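Structural characterization, general
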Amino acid sequence: MQDPETPEKQPKKSKHLLLKIDSWIDSTVWNAGFRSAEIWEDITIFFRRFRVRGWKRIVFELGGEGLTLGSVGAVLMLALAQPAFEATKEDWRNRGDFAVTFTDRYGNVIGHRGVIHQNSVPIDELPDSLIKSVLATEDRRFFDHFGIDVIGLFRALVTNAQAGEVVQGGSTLTQQLAKNLFLSNERSIDRKITEAFLALWLEANLSKKEILSTYLDRAYMGGGTFGAAAASQFYFGKSITDVNLAESAMLAGLFKAPAKYAPHVNLPAARARANEVLTNLVQSGLMTEGQVIAARRNPATAIDRNEQEAPDFFLDWAFDEVQRLASRFHQHSLVVRTTIDMGIQQAAEDSVETSLREYGESYHAKQGAMVMIENGGAVRAMVGGRDYGESQFNRATKALRQPGSSFKVYTYSVAMESGMTPKTTIIDAPISWGNWSPHNYENRYAGRVTLETAIAQSINTIPVRLAKEKLGIQPIRAMAKAMGVESPVRDDVTIPIGTSEVTVLDQATAYAVFPAGGYQSRRHGITQILDYDGDVLYDFDRDEPPAKRVLSEKADDEMNQMLSRIPYVGTARKAALDNGIVTAGKTGTTQAYRDAWFVGFTGNYTTAVWFGNDDYTSTNNMTGGSLPAMTFKRAMDYAHQGVVLRPIPGIENPLPSPKTAAAKPADGTPQLVRPRMLSVESTKILKDLGEKLKDAAPLEAQKVASVE
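A brief look at the structure comes next. Model, not experiment: these values are computed from the prediction. (Residues numbered from 1 in each chain as written. Predicted model: local features only at pLDDT ≥ 70, side-chain atom pairs only at ≥ 80, totals over all residues. Heavy atoms only, no water.)

With respect to the overall build of the protein
Along its length, the protein carries 26 helices and 12 strands. A total of 708 residues make up the protein; the buried ones form 47% of that total. Put simply, of all contacts in the protein between residues at least 6 apart along the chain, 70% involve residues at least 24 apart. When the accessible surface of the protein is totalled, it reaches about 36,800 Å², and 54% of it is carbon and sulfur. (Helix = DSSP H or I, 4+ residues; strand = E, 2+ residues; numbered from the N terminus. Buried < 20%, exposed > 50% of the residue type's maximum accessible area, 1.4 Å probe, protein only. Contact = heavy atoms within 4.5 Å. Areas by Shrake-Rupley, 256 points an atom, 1.4 Å probe, with all protein chains shown as cover.)

Shown next as structure tokens:
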């Protein structure tokens, strides 16, 4: 039988246990707090021994604040160093492993890239006069600093302040190498910070001798040459080991401005610069006046170089393409046949330079870029800037600039794909999308307009209204990428009017879809890569996939119908080609007139033109329909001389009539004249003959009677 008292005893035991636990927690917490207070009091008493007063306290307070700010600065510097860390992840040494000879579309040698191994000379074998000339001129404290010369930087600041202008640079030789290897010539604080970190990284990972050797091998020396060894062969026709003091001084003077001081271009300027180098040798104590007097009296003379200038911007881009394709094979000594046409290339360079020389000052525009693609994908010309010697930064392939209204074609292409037509009407009126309210030029609104009128007049509200109410942003981004824009496309509501940065090459590639019938343009700069035994390692037609359709035939035809009106009734009337050649395209002008574009095409070629300033300052009201359209016309008129005209798909009367084809230019502007070539009929006969010879069976050996 169960004990009646057991149920009463169990609750009492449980209650006592809970009271014990509560008591233990209270006492433990109280003791911990009491003990902590005692410890804190002991610490306070201990540190009172170090309490300072008066001027000593001020010093300690400043020291404490300095440590705090130093910690914040260290974190900030670490964040700023991230671009430098990213740059060093690439195999930057690999560029020197290639020795590439480039030819144009016809097989003529146009330049070299990479370290030409037979010309590269170990630094221990270089003349002492060359090493001293370079160090005396570029970095006298090279062996004393750690990549950044604080003393030299302070001296340059003082000198420039006294002169009231920049007369002396503060960059070390290591910093210059960092820029040559990893960075562009963009003038910005971000680039200088990254350059400084990269200089420290180079000093930590390379010896002084390796830094100097790499600098002498990689620097651009003018005339399409890279490295002192190649420059010595080019300018003096001799090995770098054989140059004398006068020639060493002239070579050392090229590092500052190779285009300005190249002796085959301006020998007096090159000699004056070499004389400055000789003075630097004396002032730095590396030589005496008696040692340099003979070089002053007998300056160096360059050999005659009446050769065509190398297309250096194109070669830089093609060299990057070679390295991308070279993962398919192990050979690094290569002969590369490119797509460039040197006649068109020269016309493109002349067009950009002529425009800047005649109108650059009035428009406050200092730089321009152009890419011309033959319909079929071959890049025939590339201008990456005004002067490669002054700046090797390729504005055609690397400069990300807002395209303005030239980006609108992607919005209209999506609209055509969605079932709209050029005759579809949309209301042109003020519109807001969130906190953003785009405006038309001069704040004018036309009410209900057709899409063909909207794109011809470059109305801003129409593509925004299309994106907001009918299309959405994602289809526009997808269309731009599908047509060939390789730069990242922003994901925000402003992109319909061209706020997402692109390159000139992007725009030329994408617009080339229109004359291609809606298929990918297959833009390329390399047709074949061969080794030195003549074996074909890569062939574009053989190894690349066929073009895919990115626009339906309907959408492509309708886009061509709209774009072909713009040079005649729209914003690009200065772009219409002579001789009745049907032209299509779109202008682009960005906010505050920072960028001006024209991207246009015919049935034969597509060309993108950009003008602006490297520092993003505004031009003087330059629009895409002014200087870019004029430059486009000048280059394209040249390219179309003597070629069979192809029609733009989907438009009426795509070819000029005999009457318009014989018409003279209306404005009287002197034209660039293309050299006469074989007629179309002669070219066709030779091609057919070549194909027959290629397919013909080999001749059998025949016996020949001997004469005895």
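Picking up after the structure, the text goes on.
Points about the packing of helix α4 (residues 128-138) against helix α8 (residues 208-218)
Axis separation between α4 and α8 bottoms out at 12 Å; the angle between their running directions is 95 degrees. When the axis of α4 is compared with that of α8, the two are roughly perpendicular. On the side of α4, the interface is formed by I131, V134, L135 and E138, while α8 contributes L212, Y215 and L216. Residues belonging to the contact of α4 with α8 are distributed by class as follows: six nonpolar, no polar and one charged. (Axes fitted to C-alpha atoms, helices over the stretch in contact; angles between N-to-C directions. Parallel < 35°, antiparallel > 145°, perpendicular 65-115°, else oblique. Nonpolar A, V, L, I, M, F, W, Y, C, P; charged D, E, K, R; others polar.)

Digging into a nonpolar patch on the surface
There is a patch of nonpolar side chains on the surface, built from L17, L18, I21, W24, I25 and V29 and spanning about 640 Å² of accessible area. Tracing the backbone shows L18 in helix α1 (residues 6-48). Exposure remark for L18: the relative accessible area of 59% places this residue in the exposed category. (Patch = residues over 30% accessible without salt bridge, like charges linked within 9 Å, V, L, I, M, F, W, Y side chains within 5 Å. Salt bridge = Lys/Arg side-chain N within 4 Å of Asp/Glu carboxyl O.)

Details of unusual backbone geometry
Positive phi outside glycine occurs at S458, with the angle close to 55 degrees. Looking at where S458 falls in the secondary structure, it is placed in the loop between α17 (451-456) and α18 (461-471). In this model, A592 sits at a positive phi of 60 degrees, which is unusual for a non-glycine residue. Mapped onto the fold, A592 is located in the loop between β10 (584-589) and β11 (595-601).

Here's the deal with the sheet that holds strand β3 (residues 333-338)
Taken in spatial order, the five strands line up as β2-β1-β3-β8-β9 in an open sheet, and their pairing is mixed. At either end of the open sheet lies a strand with only one pairing partner, and these are β2 (109-114) and β9 (536-539). Neighbour-to-neighbour, the strand axes of the sheet open up by a mean angle of 20 degrees, direction not taken into account. Where β3 lies against strand β8 (residues 526-531), five bridges are found, and the strand directions are antiparallel. When the sheet's bridge partners are listed, V336 is paired in β8 with I529. (Pairing = 2+ DSSP bridges.)

Regarding the side chain of R395
Relative to the helices and strands, R395 resides in the loop between β5 (378-383) and α16 (408-417). Polar contacts involving the side chain of R395 include one to the main-chain carbonyl oxygen of F393, which spans 2.9 Å. At 2.8 Å, the side chain of R395 and the side chain of D614 are in polar contact. Apart from the residues within four sequence positions on either side, R395 is in contact with Q367, A369, G384, G385, V504, W610 and D614. (Polar contact = N/O pair within 3.5 Å; in protein donor to acceptor, adjacent residues only side chain to side chain.)

Considering the packing of aromatic side chains
Enumeration over the complete set of coordinates arrives at 13 aromatic pairs. In this structure, K208 packs its charged tip against the face of F142, placed 4.5 Å from the ring centre. (Phe/Tyr/Trp six-rings, centres within 6.5 Å; stacked < 30°, edge-to-face > 60°. Lys NZ or Arg CZ within 6 Å of the ring centre and 35° of its normal.)

Details of the pairing of β11
Most of β11 is tucked away, with seven of its seven residues classed as buried. Summarising the sheet, β10 and β11 pair through six bridges and their orientation is antiparallel. Across the sheet, residue G585 finds its bridge partner in β11, namely G600. The antiparallel hairpin formed by β10 and β11 contains five residues in its connecting segment, where A592 sits at a positive phi of about 60 degrees. Sheet topology note: the β11/strand β12 (residues 605-612) ladder contains seven bridges and is antiparallel. Within β12, the residue paired with W597 across the bridge is W610. Where β11 folds back on β12, the antiparallel hairpin that results is connected by three residues.

Describing the sheet that holds β5
Strand order across the open sheet formed by five strands is β5-β4-β12-β11-β10, with antiparallel pairing between neighbours. Because the sheet does not close on itself, it has two edges, and the strands there are β5 and β10. Taking each pair of neighbouring strands and ignoring which way they run, the sheet shows an average axis angle of 10 degrees. Looking at chain direction, strand β4 (residues 367-374) and β5 are connected through five bridges and run antiparallel. Note that in β5 the partner of M370 across the bridge is V383. Most of the contacts of helix α15 (residues 342-363) go to β5, to which it runs at about 30 degrees, and overall it touches β4, β5 and β12.

A few points about the pairing of strand β1 (residues 99-103)
Of all five residues in β1, five are buried, a share of seventy percent or more. The alternating pattern of β1 places A99, T101 and T103 and V100 and F102 on opposite faces, both of which are buried. Where β1 lies against β3, five bridges are found, and the strand directions are parallel. The residue bridging T101 from the neighbouring strand is V335, located in β3. With five bridges joining them, β1 and β2 adopt antiparallel strand pairing. The partner of V100 across the bridge, within β2, is R113.

A word on the pattern of salt bridges
Using the criterion set out here, one finds 27 salt bridges in the structure. Note that R542 is salt-bridged to D543, the shortest N-O span being 2.8 Å. Look at the salt bridges and you will find they share partners, linking R113, D312 and D316 into a network.

Remarks on helix α20 (residues 504-511)
Within α20, eight of the eight residues are buried, which leaves it mostly tucked inside the rest of the structure. Among all positions of α20, only V504, L505, D506, Q507, A508, T509, A510 and Y511 are buried.

Quick word on the packing of helix α6 (residues 173-182) against α8
In the contact formed by α6 and α8, the axes pass within 10 Å of each other and the chain directions differ by 50 degrees. Between α6 and α8, the crossing angle belongs to the class labelled oblique. Judged by the twist between their axes, the crossing of α6 over α8 is left-handed. Contacts between α6 and α8 involve L173, T174, Q176, L177, N180 and L181 from the first element and I211, L212, T214, Y215 and R218 from the second. Its residues placed into classes, the contact of α6 with α8 shows six nonpolar, four polar and one charged. (Left-handed = near helix turned anticlockwise from the far one by under 90°.)

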